[in-house]
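Observations on the three-dimensional arrangement
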Amino acid sequence: MADEPETPGATIEDYLLEDRTFPPPPAFKAVALVVDTTMYDAANEDFEGFWARQAADLITWQRPWDTVLDWQLPFAKWFVGGRLNASENCLDRHVEAGLGERVAFHWEGEPGDTRTLTYADLLAEVQRFANVLKGLGVEKGDRVAIYMPMIPELPVALLACARVGAAHSVVFGGFSADSLSDRINDAECKVVVTADGGWRRGQPGLLKPTVDVALASTPSVEHVVVVDRIASSGGEAEVAMTDGRDHWYHELMAEAATECAPEPMDSEDLLYLLYTSGTTGKPKGIMHTTGGYLTQVAFTHKYVFDLHPETDVYWCTADVGWVTGHSYIVYGPLANGATSVMYEGTPDTPGRDRFWDLVERYQVSILYTAPTAIRTFMKWGAAEPEKHDLSSLRVLGSVGEPINPEAWIWYHEHIGASRCPIVDTWWQTETGAIMISPLPGATTTKPGSATFPLPGIAAELVDNDAEVVPRGGGYLTLTRPWPAMLRGIYGDPERYRDTYWSRFEGRYFAGDGAKIDSDGYLWVLGRVDDVMNISGHRISTTEVESALVDNPKVAEAAVVGAKDDVTGQAIVAFVTLRGGVEPGAGVGEELRDHVANKIGKISRPKTIVFTDDLPKTRSGKIMRRLLRDVAEGRELGDTTTLADPAVVEEIRKRAMSAPSDD
Ligand code: WTA
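The shown structure was predicted, so the numbers you read here are calculated from the model rather than taken from an experiment.

As for the state of the cysteines
- Evaluation of the coordinates by the stated rule reveals 0 disulfides.
- Cysteine Cys-189 shares no disulfide, and the gap to the nearest cysteine sulfur, in Cys-161, comes to 9.3 Å.
- Left unpaired, Cys-420 is separated from the closest cysteine sulfur, that of Cys-316, by 17 Å.

What follows is the structure, given as structure tokens:
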């Protein structure tokens, strides 16, 4: 059983800089849209009409919809009866409009190799790959798993799936073989698209060997397509190819026909699945469909970043393995005909100025990155960005976790030259698109606040009894359907209802705590459930606990996310070993590796505290809040509901001397 969400509000004061405001810079021209209160008011008066206007303006439909919204709480259908194809919206229509020579991606590999893909190039490659997929038996309605590095073939694979009407399920390259096979099996994927590996910190990070392990237990997979990335860029990658199952991308592409008409898709046909961690051990396959999703990602990408596709160069530093990459590297920017930078590697290779070098060389004007990255840059020092001319920058974005005011101000001063508006964008895998954010040139910002819900979006805070909290701390809920909202959890409609719609009647519960200040600004404070946020990545405490107890040396484990200066939160595990096993650094290392192998490197605990017992309520529930206090070295709260209060004191002593992974 998941813990009850905690009452948010305890640590709110840490975040607030309520009085510091940044008006829209006078030199800044939000000419894409004259955003004033009338836009918000009109959208709120008639949100269906508002979204219908966006869908008509921004998206090309093969057949118009009959009904804007069919809302049977909690199940929504948007633009019912409409037909369209996402890849056609991202590619064909731009080429047909004469924009074939516009650059879609300035791609740069970590070793420094580059590729420039125009919209015409991308369309040609996507059509060929769509034919490759068809040749491997992929049909409309099938699922295709994608496990790839950040190379151009990754967006190509997504768009080719969309073109033939197969849903893609991208699994981040940092996940383990077990995580990959679980996701493949849940969706019964027919084909896997992968690569020999990708470059990270100057080294080849291999992917195909992990796929081979995963595929030992995935009966649905018939074929694997492998991009030759490492070997073709001078690296060593031994790849075992299984006859009849595994194929080289370049070989199939050489033989593929050049044209593939986009499959007409219903507005509500599945576009993709993306698995995300919840409060139980089993990841949820979040379902996104076509028409509503595309409408909202295009709308937000255009207005939140004040995109001028003719002149802007946009760079989202996320990995396509996460939702940010789906919505704001692939579908949003391409639907809008934007020119993007796409980068394969890490920000410290070859030097700590790699990002700023990229910004300068490609003249990036819109940069969208994560607070973890910003805090890392802060730690490396302002001298790194100062080596480069960043004057092309116009708009800065932040996503993934609450941004602390110090990082916001550093970003504003050292990257944005105190000139670029910052959009702090709150949203989730489940929301599909940005929900709460300033609009550049229109919203007066405060460092650390995501400000206000976008036009058409309605958010409210509520307390434990579902009473609305107009000012102060509460749970963040959404009160009306939105076009890009998840349509469910793959194969589990009940879990969808339970997880998101049952705690507060008629409301979507986001899992975040938030506060509304005296000026009405919204401050998202972080998760109030059993989900951790490590470097902007969602990781479930329960999933890490299951991985730990899966090791025969472990009797019991409790995992918490403790505050961390760089990664936002860090994973701290409290572990009770089985009788006869002696705690020590060796066992700690073994357990950390065990978790990395079970789930993926991103889930490796930073600290392991060995303890003879765990603090539990009388009903036997582990008190994670107390453990978090211990992990963060805070004063302990009320422990009177504990079965054995002495346990906490003991744990606290041990935590002080626990080995950690720095
Ligand atoms: C957190 C990432 C504060 C939040 C797009 C949410 C944020 C979770 C912000 C979703 C932000 C994301 N301010 N918190 N601007 N953006 N979050 O599904 O806790 O990977 O619930 O989607 O990240 O993470 P997910």
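As for the pairing of strand E19 (residues 395-399)
- Among the 5 residues that make up E19, 5 are buried, leaving the element largely enclosed by the rest of the structure.
- Across the two faces of E19 the burial is the same, with Val-395, Gly-397 and Val-399 and Leu-396 and Ser-398 all buried.
- Sheet analysis places strand E18 (residues 366-369) next to E19, joined by 4 bridges and oriented parallel. Considered in E19, the bridge of Ile-366 is made with Val-395.
- Note: E19 against strand E20 (residues 422-425), 4 bridges, orientation parallel. The partner of Leu-396 across the bridge, within E20, is Ile-422.

Examining the site of the ligand
- In the neighbourhood of the ligand, 17 residues make up the surrounding shell, with Asp-424, Thr-425, Thr-429, Asp-512 and Arg-538 lying closest.
- One nitrogen or oxygen atom from the main chain of Pro-402 is found 3.4 Å from a nitrogen atom belonging to the ligand.
- In the model, an oxygen atom of the ligand is placed 2.6 Å from a nitrogen or oxygen of the Asp-512 side chain.
- Put simply, the parts of the chain that give the shell around the ligand at least two residues each are helix H11 (323-335), E20 and strand E25 (522-527).
- Of the residues contributing to the shell around the ligand, the split by class is 6 nonpolar, 6 polar and 5 charged.

Here's the deal with the sheet that holds strand E14 (residues 270-276)
- Taking strand neighbours across the sheet as the criterion, the 8 strands line up as E12-E11-E8-E6-E7-E14-E15-E23 in an open arrangement whose pairing is mixed. Where the open sheet ends on each side, the last strands, each with one partner, are strand E12 (246-248) and strand E23 (488-489).
- Across 3 bridges, the pairing between strand E11 (residues 223-227) and E12 is parallel. Looking at E12, one finds that Val-226 is bridged to Trp-248.
- Against the sheet, helix H7 (residues 177-187) touches strand E6 (143-147), strand E8 (191-195) and E14, its axis set at about 145 degrees to E14.

Observations concerning H7
- Inspection of H7 places Ala-177, Ser-179, Leu-180, Ser-181, Arg-183, Ile-184 and Ala-187 among the buried residues, and these make up the whole buried set.
- Count one or two residues on from H7 and you reach Glu-188, which has phi positive near 50 degrees.

Quick word on the confidence of the model for the chain
- Taken over all residues, the pLDDT of the chain has a mean of 92, while the share at 70 or more is 94%.
- In the model of the chain, helix H1 (residues 12-15) stands out as the element of lowest mean pLDDT, 44, in contrast to helix H6 (residues 153-164), which has the highest, 99.
- Scored below 50 in pLDDT, residues 1-15 shows 33 contacts in the model against residues more than four places distant or in partner chains.

Side note on a negative patch on the surface
- Together, Asp-41, Glu-45, Asp-46 and Glu-48 make up a negatively charged patch on the protein surface.
- Tracing the backbone shows Glu-45 in helix H2 (residues 37-45).
- On the basis of relative accessibility, which here comes to 71%, the residue Glu-45 falls in the exposed class.

Quick look at the environment of Val-549
- Among the secondary structure elements, Val-549 is positioned in helix H17 (residues 541-549).
- A relative accessible area of 37% means that Val-549 is categorised as partly exposed.
- Sequence spacing of Val-549 and Leu-591 is 42 residues, and the spatial spacing of their C-alpha atoms is 9.5 Å.
- Apart from the residues lying within four places of it in its own chain, the contact partners of Val-549 are Val-554, Ala-555, Glu-556 and Ala-557.

The rules behind each value
Residues numbered from 1 in each chain as written. Predicted model: local features only at pLDDT ≥ 70, side-chain atom pairs only at ≥ 80, totals over all residues. Heavy atoms only, no water. Disulfide = S-S within 2.5 Å. Buried < 20%, exposed > 50% of the residue type's maximum accessible area, 1.4 Å probe, protein only. Helix = DSSP H or I, 4+ residues; strand = E, 2+ residues; numbered from the N terminus. Pairing = 2+ DSSP bridges. Near = heavy atom within 4 Å. Polar contact = N/O pair within 3.5 Å; in protein donor to acceptor, adjacent residues only side chain to side chain. Nonpolar A, V, L, I, M, F, W, Y, C, P; charged D, E, K, R; others polar. Contact = heavy atoms within 4.5 Å. Axes fitted to C-alpha atoms, helices over the stretch in contact; angles between N-to-C directions. pLDDT = per-residue confidence, 0-100. Patch = residues over 30% accessible without salt bridge, like charges linked within 9 Å, V, L, I, M, F, W, Y side chains within 5 Å. Areas by Shrake-Rupley, 256 points an atom, 1.4 Å probe, with all protein chains shown as cover. Salt bridge = Lys/Arg side-chain N within 4 Å of Asp/Glu carboxyl O. Lys, Arg positive; Asp, Glu negative; His and termini not counted. Charge placed at Lys NZ, Arg CZ, Asp CG, Glu CD.

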